[in-house]
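If you want the building blocks of each chain, they are given just below.
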Amino acid sequence: MKQFLKQHGFIFLFAFTIGVLIVFPTISVISKIGPDFKGIFPMFNNDETHYIAMTKEAYDGHYNFGNVYLKEHKDEPYITPSLAEIILAFEAKFINLSVPAAAAINDFLLPFMGVAILYFLILQLVESRVMASIFSAFYYLLFIFYFNRPINPQFSFIFLFLGLLLVLKIISDKEKTWKQLAILNFILAMVSSAVLYIYPYCWAAILAVYCLTLLFLAIKEKRIVYHFKNFLLFIIPAALFVIPYFLNLKKAESYPDYIDIWFRFGFLLNHYPAAYFNVSLIVAGLVIWYFIGKGADYKKNIFVYSLVLGGTALNWQNVLTGKALSFSTHYYPIVVLFLFLIFAFCASIIWKNYKSNILNAKSYLAVILILLLLSFLFYRERKGIEFGSSWFIMPANISALKDWQKLSGVADWFNDNSPKNSAVYSLGKNYGWFIPIYTSNNVFWNPDVGRFLISDDELENRWIAQNFFKKGIDGGYIEGENMNIWTNKFIERYQNEVIRNKILGLFKVKTRPSTLVPKEYVDRILKKIDFYRELGFEKSLKQYSADYILLDRDDSEYGYLEKEFMNYPFLELAAAVENNLIFKVIK
């Protein structure tokens, strides 16, 4: 252990520093709130509330994940597997902390682990502790704001790094016995299968790189049977591990709402080849490797080419399938990871050549290209980097975060006085994310409801009932709310149409204007709004489960409803906590 720390101890200092940088915004906020802090943690990313709500669902004992937010859909099949949320929920229980408090600890712990594992991945490839330290730390610095987000990438990328590390271990120069190969492939099968239940895009990256690597090795070494047997040692246990995933998928397909969810994810539409930016990055990496990689170990050379082709396949699989099975934004940090692996390998070769005084024009050109690409990537991610640094040098306006602390009493009331899984209809700007995270209750509506197995019709109805008192809803407002109503059903198709039209416009090809939300959907919502207004609030509310109404009496938009709710015969005032009123719905 002493020798190990002597050799690799520096990376743990890097990892500690990165972990502190990522957790510091949370520490800074709590420090500035001071004694007024009541356990309501700040949220810095759009998806952070969703991931923590998912973890809270597991914390409350609901491991099915049929629907995190709605009372009625708990027993339906899951759409996105949630192994990470289950693991992190058990972690929170083990250390006896709330899910948000445990997530704050993980803001340090998981990046610390990630930097260390990425270091050993790069070290396996380049055999240079200096290069491995630099590029693993730089990768996390580049995405420092992104790695503030729980589950993905904080948790999922640890498994991605482990999977790629195991691929390199399997193909390393030292000839292995079949027993050794069986053990390594079994571990790789467990890691890649686990990441399928955590974040499928990372699973696809591991699978693509490993399959391409074995294929190219079989051709290069002319040992097709050997590498096919090696592949079987991986794919057989992996197939067994993923059986529950596909059984759940088959069950989900039997539901009539299944087709709606996949259209809402934007995965079933034909697209032109997309993700041009991602592929251009990986091609740039290929160009640099072409200048430097000659003479490198052929197995590692094959691994690099597998990164290039794997990254291209991940982003352009729709060329083969005709379907967009993922979003290019999900693969961007994975492509940059592949690029950093190539950079590190090239930098280590350049450094060896420099020490041997055998640098040539291609080496200098490669250095220039690496520096240019790194500069471009850091410039592109500058806002995230600036966000993290701003908490060190600039005082933040935390008045809103102080107001959030008043919700602590609301959480206590619901946890102490309401049945678990009660449905809460809330009117106030802070409530949509708050109820699923800090109470054991559900909500009437939430913008993330569309991520689960539920029909478009019910989503629309719930959104309209939730906005029953909203004034000035017209076609333009509905378009602006399109992702809150239908998730990604239209935005991905619209963005691809815009890109397609730009490309065709370069060739003077006439195209139809892109429309964000089809007119028939807008008209349908407007008709439903008229119907619900005629139906009245009570019947609109009781169409779905609603056990309580939570009203922010100080809210500028809804505060006036206090007097109206007091006079409704189907509502009974149950509690007043700070500026919040809790009404019980009389059935």
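Cut-offs applied
- Residues numbered from 1 in each chain as written.
- Predicted model: local features only at pLDDT ≥ 70, side-chain atom pairs only at ≥ 80, totals over all residues.
- Heavy atoms only, no water.
- Helix = DSSP H or I, 4+ residues; strand = E, 2+ residues; numbered from the N terminus.
- Rg over C-alpha atoms; globule rule 2.2 N^0.38 Å.
- Buried < 20%, exposed > 50% of the residue type's maximum accessible area, 1.4 Å probe, protein only.
- Contact = heavy atoms within 4.5 Å.
- Lys, Arg positive; Asp, Glu negative; His and termini not counted.
- Charge placed at Lys NZ, Arg CZ, Asp CG, Glu CD.
- Pairing = 2+ DSSP bridges.
- Expected span 1.5 Å × (residues − 1).
- Patch = residues over 30% accessible without salt bridge, like charges linked within 9 Å, V, L, I, M, F, W, Y side chains within 5 Å.
- Areas by Shrake-Rupley, 256 points an atom, 1.4 Å probe, with all protein chains shown as cover.
- Salt bridge = Lys/Arg side-chain N within 4 Å of Asp/Glu carboxyl O.
- Arc of directions from axis to C-beta.
- Phe/Tyr/Trp six-rings, centres within 6.5 Å; stacked < 30°, edge-to-face > 60°.
- Lys NZ or Arg CZ within 6 Å of the ring centre and 35° of its normal.
- 1 Å grid on protein atoms, 1.4 Å probe; cavity = no way out; pocket = protein on both sides within 12 Å on 5 of 7 lines; lining within 4 Å.
- Points joined across faces, edges and corners; volume = space filled by probe spheres on them.
- Nonpolar A, V, L, I, M, F, W, Y, C, P; charged D, E, K, R; others polar.
- Axes fitted to C-alpha atoms, helices over the stretch in contact; angles between N-to-C directions.
- Parallel < 35°, antiparallel > 145°, perpendicular 65-115°, else oblique.
- Left-handed = near helix turned anticlockwise from the far one by under 90°.

**Points about the overall build of the protein chain**
Stage number 1. Helix and strand counts for the protein chain come out as 27 helices and 5 strands.
Stage number 2. On C-alpha atoms alone, the protein chain measures out to a radius of gyration of 26 Å, which is about the 25 Å that the 2.2 N^0.38 rule sets for 587 residues.
Stage number 3. Along the three orthogonal principal directions, the C-alpha set of the protein chain runs to about 85 × 60 × 45 Å.
Stage number 4. Here the protein chain holds 587 residues, and 56% of them are scored as buried.
Stage number 5. Partitioning the contacts of the protein chain with sequence separation of at least 6, the portion at a separation of at least 24 is 75%.
Stage number 6. Positive and negative side-chain charges of the protein chain, numbering 57 and 48 respectively, have mean locations separated by a distance of 11 Å.

**Considerations on the pairing of strand β1 (residues 423-427)**
Stage number 1. β1 sits mainly inside the fold: 5 of its 5 residues count as buried.
Stage number 2. Neither face of β1 is left uncovered, since the one carrying A423, Y425 and L427 and the one carrying V424 and S426 both have all their residues buried.
Stage number 3. Pairing of β1 with strand β2 (residues 442-443), which is carried by 2 bridges, proceeds in the parallel orientation. Bridging across to β2, V424 finds its partner in V443.

**Details of helix α24 (residues 491-506)**
Stage number 1. If you check α24, its first and last C-alpha atoms are 23 Å apart, about what 16 residues at 1.5 Å a residue would give, namely 22 Å.
Stage number 2. Turning to α24, its buried residues are I491, E492, R493, N496, E497 and N501.
Stage number 3. Among the residues trailing α24, K508 stands out with phi positive, at a value near 60°.

**Quick word on the sheet that holds β1**
Stage number 1. Read from one edge to the other, the open sheet built from 5 strands follows the order β2-β1-β3-β5-β4, with strand pairing classed as mixed. Each edge of the open sheet carries a strand with a single partner, namely β2 and β4 (571-577).
Stage number 2. Of the pairings in the sheet, the one linking strand β3 (residues 548-552) to strand β5 (residues 580-585) comprises 5 bridges and is antiparallel in character. Bridge pairing links Y548 to K584 in β5.

**Quick word on a nonpolar patch on the surface**
Stage number 1. Together, F94, I95, L97, I105, L109 and M113 make up an exposed nonpolar region whose accessible area comes to about 520 Å².
Stage number 2. Of all the elements, helix α4 (residues 99-126) adds the most residues to the nonpolar patch, at 3 residues.
Stage number 3. With respect to the helices and strands, M113 occurs in helix α4.
Stage number 4. The exposure class of M113 is partly exposed, given its relative accessible area of 33%.

**Overview of the pattern of salt bridges**
Stage number 1. In the structure shown here, the tally under the stated rule is 22 salt bridges.
Stage number 2. Residue D47 pairs with R451 through a salt bridge whose shortest N-O separation is 3.0 Å. With D47 in the loop between α1 (2-33) and α2 (48-59) and R451 in the loop between β2 and α21 (456-466), this residue pair connects regions lying 404 residues apart in the sequence.
Stage number 3. What makes R451 partly exposed here is its relative accessible area of 23%.
Stage number 4. One continuous salt-bridge network, built from bridges that share partners, spans D47, R149, D448 and R451.

**Let's talk about helix α3 (residues 83-94)**
Stage number 1. For α3, which comprises 12 residues, the first-to-last C-alpha distance of 17 Å matches the rise-based estimate of 16 Å (1.5 Å per residue) to within 8%.
Stage number 2. Every buried residue of α3 is listed here: A84, E85, L88, A89, E91 and A92. The buried residues of α3 occupy an angular sector of 160° when projected down its axis, which confines them to one face.
Stage number 3. Buried-residue contacts for α3 involve α2 and α4.
Stage number 4. Phi turns positive, to about 60°, at N96, one or two residues after α3.

**Digging into the packing of aromatic side chains**
Stage number 1. For the coordinates displayed, the defined rule picks out 64 aromatic pairs.
Stage number 2. For the pair F138 and F378, a centre-to-centre distance of 6.0 Å together with 80° between the ring planes defines the contact as edge-to-face. In this pair, F138 is assigned in helix α5 (residues 129-142) and F378 in helix α16 (residues 361-380), connecting sequence segments 240 residues apart.
Stage number 3. Both rings, one in Y245 and one in F246, keep their centres 5.2 Å apart while their planes meet at 85°; by these two values the pair is edge-to-face.
Stage number 4. The partly exposed category is assigned to F246, whose relative accessible area is 43%.
Stage number 5. Sitting over the ring of Y332, R380 keeps its end group 4.6 Å from the ring centre.

**Brief notes about the environment of N496**
Stage number 1. On the secondary structure map, N496 appears in helix α24.
Stage number 2. With a relative accessible area of 17%, N496 lands in the buried category.
Stage number 3. Distance from N496 to S514, taken between C-alpha atoms, is 9.4 Å for residues 18 residues apart in sequence.

**Details of empty space enclosed by the protein**
Stage number 1. According to the stated counting rule, one finds 7 cavities of 30 Å³ or more in the structure shown.
Stage number 2. A volume near 110 Å³ is recorded for the largest cavity.
Stage number 3. Lining the largest cavity are 15 residues, and of these I170, I171, Y226, H227 and K299 lie nearest its centre.
Stage number 4. Listed by contribution, the elements that provide at least two residues to the lining of the largest cavity are α6 (156-171), α8 (200-221) and α9 (224-241).
Stage number 5. Each residue belonging to the lining of the largest cavity can be placed in one class, and the counts come to 6 nonpolar, 3 polar and 6 charged.
Stage number 6. Put simply, the second largest cavity is a space of about 80 Å³.
Stage number 7. In this structure, the second largest cavity is lined by Y51, I52, T55, L88, V99, A102, A103, N106, P150 and I151.
Stage number 8. Contributing elements (two or more residues each) for the lining of the second largest cavity: α2 and α4.
Stage number 9. A per-element tally of the lining of the second largest cavity places α4 first, with 4 residues.

**Things to note about the packing of helix α12 (residues 276-292) against helix α13 (residues 298-316)**
Stage number 1. The geometry of α12 relative to α13 is characterised by a closest axis approach of 9 Å and an angle of 165° between their N-to-C directions. The angle between the axes of α12 and α13 places the two elements in the roughly antiparallel class. Here α12 and α13 pass one another in a crossing that is left-handed. Here α12 contributes Y276, N278, V279, I282, L286 and W289 to the contact with α13, which in turn contributes N301, V304, Y305, L307, V308, T312, N315 and W316.

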